[in-house]
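Next come the chains, spelled out residue by residue.
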Amino acid sequence: MAVKKTTKGPTEANLEAEIHGALRLAFPWLPEGSIQHQTTFSFSFGKKRITIDGAKNFVAQARADILLNWGQKPLAVLELKREGLALDLDDDAQGLSYARVLHPRPPLVAVTNGKDVRILETHTGDEWCPEGPHEEAFAGLIRSASHAATRDLKVAIDTLMGSNPAIWAQAIRQTSEQNLAELSGDWNEPLRPFVPGFLIPRKATQAALHELRGGKKLILIEGPPLIGKSNVLRELSQETKDADDLVIFFIEADTGTGTDVFQQLADTLSQALNWPVTREEVRGWLLRLSNSSGPALVLAVDGIGLSQDDFRQGIDDLTSKAFGPSVRLVLALDDTVAERLVLNSTGRKASAIGRRASRVSVGSLGNQEFGTACRILEDLRIGIMKGGQSSEELHLPWVLRAVVSSIVSQPQYADEKLAAAIPPLLGIDLIGHVRDRFGDIELRRLYRAAAKAVIEDAQDQRRPISLILESIAVYVVRRQTLRKFLEHTEIEYLIKRGYLRPALHESGTDILVARLPELLASEAADVLALELMGRAQTDANEAADWLSDVAGSLPLGDIVATQALLDAAMRHGTLPFDLITTMINSPPKRETVRPGTKVAMHVPGAGIMDVTFQEDGSLEVYAGGRRHVISPEQGEEEHTTYTDFHSWLILSHLAGRRFVLEVEGNDRPSRVDPAILLEVGSCPIVLRRPGADPDMDSVLTHDVPEHGSIVCHEAGIIEPITLSILRFLSSEGEKAEEWVEEAVRRKSLPLLARIDIALRQLSGSAHAQKAKFARRVSKDLIRPAFSSLPRLH
């Protein structure tokens with residue numbers, strides 16, 4: 001009996017009428033009203049739960065999958081097509097596949113378009129032709145249907161995963177979520193890259209999405225280690241979790257038993273979905289899927305290394321013309337690995353991957369990304385002090401996580417009435433976070449050897465000038481020097497793992513670049529500490545000069561040298577008094593640059609620049625083979641520079657720690673950090689390490705004649721000495737008032753300005769007593785003292 005339709009197209013409103021008509025056509029021998037139907041039902045693939053929405057599919061595809069029940073027993077899966085659409089074998093296959101994965105298993109599959117009907121046995125797939133009374137035959141079918149064969153189930157899953165996006169998209173997304181969950185952990189689990197609820201949106205993610213939606217089949221997400229590449233893949237998965245066009249499948253390249261991308265997928269799908277597929281079957285599935293309509297499957301693969309040649313071959317295969325546009329790849333890998341993947345074996349031509357790939361770089365957090373990170377941290381009751389926007393260290397995602405981890409692990413954080421503040425500068429705290437983060441003893445041993453080589457190179461002034469200048473900003477070491485400290489196989493191990501990047505310097509020197517500069521800085525500090533104590537025992541004055549020179553020759557040199565002092569003190573219990581006094585007596589020197597003076601400078605990203613100072617105050621600059629002339633500002637005919645500032649920069653960090661020195665002839669040790677704060681705090685220049693990023697290196701200052709260059713309070717705390725003053729005032733409280741009075745008596749505008757910035761920060765403290773102290777001292781001592789000095793605003 002055919003059922004007449006009154007609508008022209010499929011809608012949810014007329015689905016009920018379609019179902020009732022189909023039931024009368026397929027099962028006329030059952031009493032009317034005895035069959036219940038479900039337009040939404042679910043089943044399991046392994047531990048994954050897949051939901052089928054028949055009404056939604058009927059509207060979108062003019063075909064609905066309905067589960068029928070007779071009494072309390074499953075009767076059939078009804079594959080219902082819109083009238084006018086012919087029945088085909090695909091309809092049979094899909095209906096049978098649904099029936100075979102359901103538990104308990106319905107014995108029948110009914111396929112109909114409202115005019116024609118086929119009733120199939122779930123167990124055999126054959127058309128049902130009952131020989132006796134329908135009810136008796138139906139009871140027998142229920143018994144036979146309960147005996148599910150493994151091959152039936154495999155064929156069913158094969159069909160559903162290959163034919164219906166509503167099925168495979170759910171299965172893949174749930175498996176991907178499971179993979180991400182396995183890599184997620186609490187804040188105090190640094191070896192797990194993800195923290196639930198904490199994800200900083202990155203521009204690289206949007207760039208990758210743009211490429212994917214533009215049809216690109218291969219995208220490389222590249223950057224240095226620990227910069228956040230894995231989190232970009234995680235964000236891709238979250239951004240597309242409800243998308244109709246993209247389905248992200250997150251996979252770790254270095255896990256599982258497989259050796260290439262196909263075997264990796266086979267292992268993952270077999271385990272997650274109870275889908276026993278082989279490598280060849282997965283490749284066939286991807287091949288069929290790549291040429292199908294519907295959403296594109298995006299394999300997001302994390303952690304590819306240079307040693308994974310089989311993985312590389314799989315990437316070549318998947319991105320070849322054999323595969324259609326509906327299977328795509330996004331690979332997260334270190335930039336050193338990316339450089340090799342995009343070149344052929346000779347290194348002189350682009351490889352197949354290099355020709356097909358779009359490359360997206362991930363670096364430290366940009367200003368907008370950092371602002372977003374600050375807002376996310378505010379939801380966790382954690383703020384970053386004013387000035388943090390100018391801290392290069394806090395723009396490194398792994399450093400930010402390490403700092404937050406140290407906060408949330410403290411017992412006080414459990415009090416939801418309290419909020420925490422991250423210092424705007426890390427200084428030597430960075431070394432502490434590095435030593436907590438990197439527990440790999442073998443990696444530290446190898447990097448310690450590299451640190452020894454870097455320190456030896458830094459003291460060799462016979463190197464090409466361009467290499468000397470670059471080594472002040474970036475940890476680089478000549479390969480010939482590193483060979484003195486590491487075996488060839490050890491060097492190659494570091495290169496293959498992405499910890500060192502080989503390069504040919506513009507001077508023609510074969511060099512290696514450290515990809516974990518913070519770890520190298522930590523090991524360098526420990527190496528310097530051992531040598532420092534030996535030198536200090538022989539000649540403390542010479543040791544102070546040596547330490548200052550080394551600090552000026554290394555990246556993060558002020559932090560490395562300060563940590564070396566502390567490490568030396570921890571080993572020996574104290575520091576020689578003469579060592580500290582020599583450093584205090586070595587303030588920055590102001591020098592006038594004479595016309596005709598030639599200097600060279602290294603600018604990250606631009607290379608070497610040769611500068612000549614002209615008689616009229618202009619600068620003649622040669623860079624990249626071109627000549628540029630920079631005209632002077634009005635009244636700036638004379639140029640000045642400051643030299644020998646590293647001793648005071650080291651003391652800036654050191655003064656943030658309470659410490660005493662033993663003075664010969666005195667029975668009691670003398671506390672010296674308050675005196676250092678007064679002396680170094682009076683420095684008439686901005687006392688901070690030059691940075692590689694011009695945006696973060698540029699700060700608001702006041703140039704006051706006869707007083708120097710002074711940081712504006714609007715910039716916040718951007719100098720280590722100001723942070724040390726803040727720590728002193730916070731820890732000493734009321735006891736620091738005498739120190740403030742002494743600072744006022746000195747009538748030093750730079751010192752008062754730094755104290756003012758520190759007090760402004762302290763006045764906002766959640767500690768009521770400290771905040772009250774800061775406001776009172778600011779009102780009673782600092783503001784009146786400013787009245788006799790040049791106004792800054």
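A.B. asks: Would you mind showing me how to read the overall build of the chain here?
C.D. replies: Looking only at helices and strands, the chain features 31 helices and 27 strands. By sequence separation, contacts in the chain at least 24 residues apart represent 69% of the contacts at least 6 residues apart. Only carbon and sulfur atoms are counted for the fraction: they give 49% of the accessible area of the chain, which is about 36,900 Å².

A.B. asks: I would appreciate a short explanation of the packing of aromatic side chains in the present structure.
C.D. replies: Given two aromatic rings, their pairing is described by the distance between the two centres and the angle made by the two planes. Counted under the stated rule, the structure contains 5 aromatic pairs. Each ring, one from Phe 262 and one from Phe 323, has its centre 6.4 Å from the other, and the planes form 20 degrees; the classification is stacked. Separated by 61 residues along the polypeptide, Phe 262 in helix H9 (residues 261-273) and Phe 323 in the loop between helix H11 (309-318) and strand E11 (327-334) bring together distant segments of the chain. Here the two residues Phe 262 and Phe 323 agree in accessibility, since each one is buried. Look at Trp 398 and Phe 438: their rings are 5.9 Å apart centre to centre, the planes differ by 75 degrees, and that puts the pair in the edge-to-face class. With Trp 398 in helix H15 (residues 397-408) and Phe 438 in the loop between helix H16 (429-437) and helix H17 (441-458), the pair connects residues that are 40 residues apart, well separated along the chain. By relative accessible area, which is 9% here, Phe 438 ends up buried.

A.B. asks: Is there a simple way to think about the pattern of salt bridges in this case?
C.D. replies: For side chains bearing opposite charge, pairing can occur when the charged atoms are close. Inspection of every chain in the model, using the stated rule, returns 36 salt bridges. Residue Arg 202 pairs with Glu 369 through a salt bridge whose shortest N-O separation is 3.1 Å. In this pair, Arg 202 is assigned in the loop between helix H6 (165-182) and helix H7 (203-213) and Glu 369 in helix H14 (residues 367-379), connecting sequence segments 167 residues apart. For the pair Arg 202 and Glu 369, one class covers both residues: buried. Of the charged contacts in the structure, one is a salt bridge between Arg 478 and Asp 460, with a shortest N-O distance of 2.9 Å. With a gap of 18 residues between them, Arg 478 in strand E15 (residues 476-478) and Asp 460 in the loop between H17 and helix H18 (465-473) connect regions that are remote in the sequence. Across the pair, exposure class does not vary: Arg 478 and Asp 460 are buried alike. Within the structure, one salt-bridge network assembled from shared partners comprises Arg 444, Arg 448, Glu 523 and Asp 526.

A.B. asks: What is the right way to look at the pairing of strand E6 (residues 108-112) in this model?
C.D. replies: Sheet faces and side chains relate simply in a regular strand, where the side chains alternate between the two faces. Most of E6 is tucked away: 5 of the 5 residues are buried. Of the two faces of E6, the one carrying Leu 108, Ala 110 and Thr 112 and the one carrying Val 109 and Val 111 are both buried. As judged from the 5 bridges shared by E6 and strand E7 (residues 117-121), these two strands associate in the antiparallel manner. Considered in E7, the bridge of Leu 108 is made with Glu 121.

A.B. asks: In this structure, what is going on with H6? I would like to understand it.
C.D. replies: Since there are 3.6 residues in each turn of an α-helix, residues three or four apart along the chain are aligned in direction. Taking 1.5 Å of rise per residue, 18 residues should cover 26 Å, and H6 covers 25 Å from first to last C-alpha, within 8% of that figure. Those residues of H6 lying buried are Ile 167, Trp 168, Ala 169, Ala 171, Ile 172, Arg 173, Thr 175, Ser 176, Asn 179 and Leu 180.

A.B. asks: Even after reading the chapter, I still don't get the sheet that holds strand E12 (residues 358-361), so can you show me in this structure?
C.D. replies: Pairing between the strands of a sheet comes from backbone hydrogen bonds, and it takes one of two forms, parallel or antiparallel. Read across the open sheet, the 5 strands follow the order E9-E10-E11-E8-E12; overall the sheet is parallel. Strands at the two margins of the open sheet, each flanked by one partner only, are strand E9 (246-252) and E12. Neighbour-to-neighbour, the strand axes of this sheet turn through a mean angle of 20 degrees, independent of strand direction. Bridge count for strand E10 (residues 296-302) against E11 is 6 bridges, and the pairing is parallel. Residue pairing across strands places Val 301 opposite Leu 331, the latter belonging to E11. Most of the contacts of H6 go to E9, to which it runs at about 35 degrees, and overall it touches E9 and E10.

A.B. asks: I'm lost on the packing of helix H24 (residues 577-584) against helix H25 (residues 646-654) in this one. Help?
C.D. replies: How two helices pack is summed up by the angle between their axes together with the distance between the axes. Where H24 meets H25, the axes come as close as 8 Å, and the angle between the chain directions of the two elements is 120 degrees. Overall, the two elements H24 and H25 adopt an arrangement that is oblique. Along its contact with H24, which presents Ile 580, Met 583 and Ile 584, the element H25 presents Ser 647, Trp 648, Ile 650, Leu 651 and Leu 654.

A.B. asks: Teacher, can you tell me more about the nonpolar core here?
C.D. replies: Side chains of a nonpolar character, in soluble globular proteins, are inclined to be buried together. Counting residues in each nonpolar core, the largest one holds 154 residues, and the members touching the most others are Ile 221, Tyr 447 and Leu 729. In terms of residue count, the dominant contributor to this core is helix H21 (residues 517-538) (11 residues). The residues touching Ile 221, leaving out its near neighbours within four places in the chain, are Ala 208, Lys 229, Val 232, Leu 233, Val 330, Leu 331, Ala 332, Leu 333, Val 360 and Val 362. Counting 37 residues, the second-largest nonpolar core is a separate cluster that includes Trp 168, Val 247, Leu 269 and Val 301.

A.B. asks: How should the confidence of the model for the chain be read in this particular structure?
C.D. replies: Interpretation of this model should avoid reading the predicted coordinates in detail wherever pLDDT is low. Residues of the chain with pLDDT of at least 70 account for 79%, and the chain-wide mean is 81. Across the chain, element-level confidence peaks in H7 with a mean pLDDT of 97 and bottoms out in helix H2 (residues 54-61) with 49. Residue range residues 1-13 is modelled with pLDDT below 50. Its contacts to residues more than four positions away, or to other chains, number 22 contacts. pLDDT under 50 marks residues 58-63. Its contacts with residues more than four places away, or in other chains, come to 24 contacts.

A.B. asks: What is the right way to read the sheet that holds strand E17 (residues 510-514) from this model?
C.D. replies: Spatial strand order, E15-E17-E16: 3 strands in an open sheet with antiparallel pairing. With one partner strand each, in any of the chains shown, E15 and strand E16 (500-504) form the two edges of the open sheet. For this sheet the average axis-to-axis angle between neighbouring strands, irrespective of direction, equals 30 degrees. Across 3 bridges, E15 lies against E17 in antiparallel orientation. Along E17, the bridge assignment pairs Val 477 with Leu 512.

A.B. asks: Is there a simple way to explain the side chain of Glu 719 in this structure?
C.D. replies: Relative to the assigned elements, Glu 719 resides in the loop between strand E27 (708-711) and helix H28 (720-732). According to the relative accessible area criterion, Glu 719 is buried, its value standing at 2%. A polar contact is formed between the side chain of Glu 719 and the backbone nitrogen of Leu 687, at a distance of 2.7 Å. When near neighbours in sequence (up to four residues on either side) are disregarded, Glu 719 contacts Leu 425, Ile 685, Val 686, Leu 687, Val 711 and Arg 754.

A.B. asks: What is the right way to read unusual backbone geometry from this model?
C.D. replies: As a rule of thumb, non-glycine residues mostly have phi less than zero, and peptide bonds are mostly trans rather than cis. A positive phi angle is found at Glu 706, which is not glycine, with a value near 70 degrees. Note on placement: Glu 706 falls in the loop between strand E26 (701-704) and E27. Despite not being glycine, Lys 747 has its phi angle at roughly 55 degrees, a positive value. Among the structural elements, Lys 747 can be located in the loop between helix H29 (737-746) and helix H30 (749-762). Lys 747 sits in the exposed class, given a relative accessible area of 60%.

A.B. asks: Help me understand the packing of H29 against H30, please; the structure alone is not making it clear to me.
C.D. replies: At a minimum axis separation of 8 Å, H29 and H30 run at an interaxial angle of 145 degrees. Here the hand of the crossing between H29 and H30 comes out left-handed. Contacts between H29 and H30 involve Trp 739, Ala 743, Val 744 and Arg 746 from the first element and Leu 751, Leu 752 and Ile 755 from the second. Looking at the contact of H29 with H30, its residues break down into 6 nonpolar, no polar and 1 charged.

Calculation notes
Residues numbered from 1 in each chain as written. Predicted model: local features only at pLDDT ≥ 70, side-chain atom pairs only at ≥ 80, totals over all residues. Heavy atoms only, no water. Helix = DSSP H or I, 4+ residues; strand = E, 2+ residues; numbered from the N terminus. Contact = heavy atoms within 4.5 Å. Areas by Shrake-Rupley, 256 points an atom, 1.4 Å probe, with all protein chains shown as cover. Phe/Tyr/Trp six-rings, centres within 6.5 Å; stacked < 30°, edge-to-face > 60°. Buried < 20%, exposed > 50% of the residue type's maximum accessible area, 1.4 Å probe, protein only. Salt bridge = Lys/Arg side-chain N within 4 Å of Asp/Glu carboxyl O. Pairing = 2+ DSSP bridges. Expected span 1.5 Å × (residues − 1). Axes fitted to C-alpha atoms, helices over the stretch in contact; angles between N-to-C directions. Parallel < 35°, antiparallel > 145°, perpendicular 65-115°, else oblique. Core = buried A, V, L, I, M, F, W, Y, C linked by side-chain atoms within 4.5 Å. pLDDT = per-residue confidence, 0-100. Polar contact = N/O pair within 3.5 Å; in protein donor to acceptor, adjacent residues only side chain to side chain. Left-handed = near helix turned anticlockwise from the far one by under 90°. Nonpolar A, V, L, I, M, F, W, Y, C, P; charged D, E, K, R; others polar.

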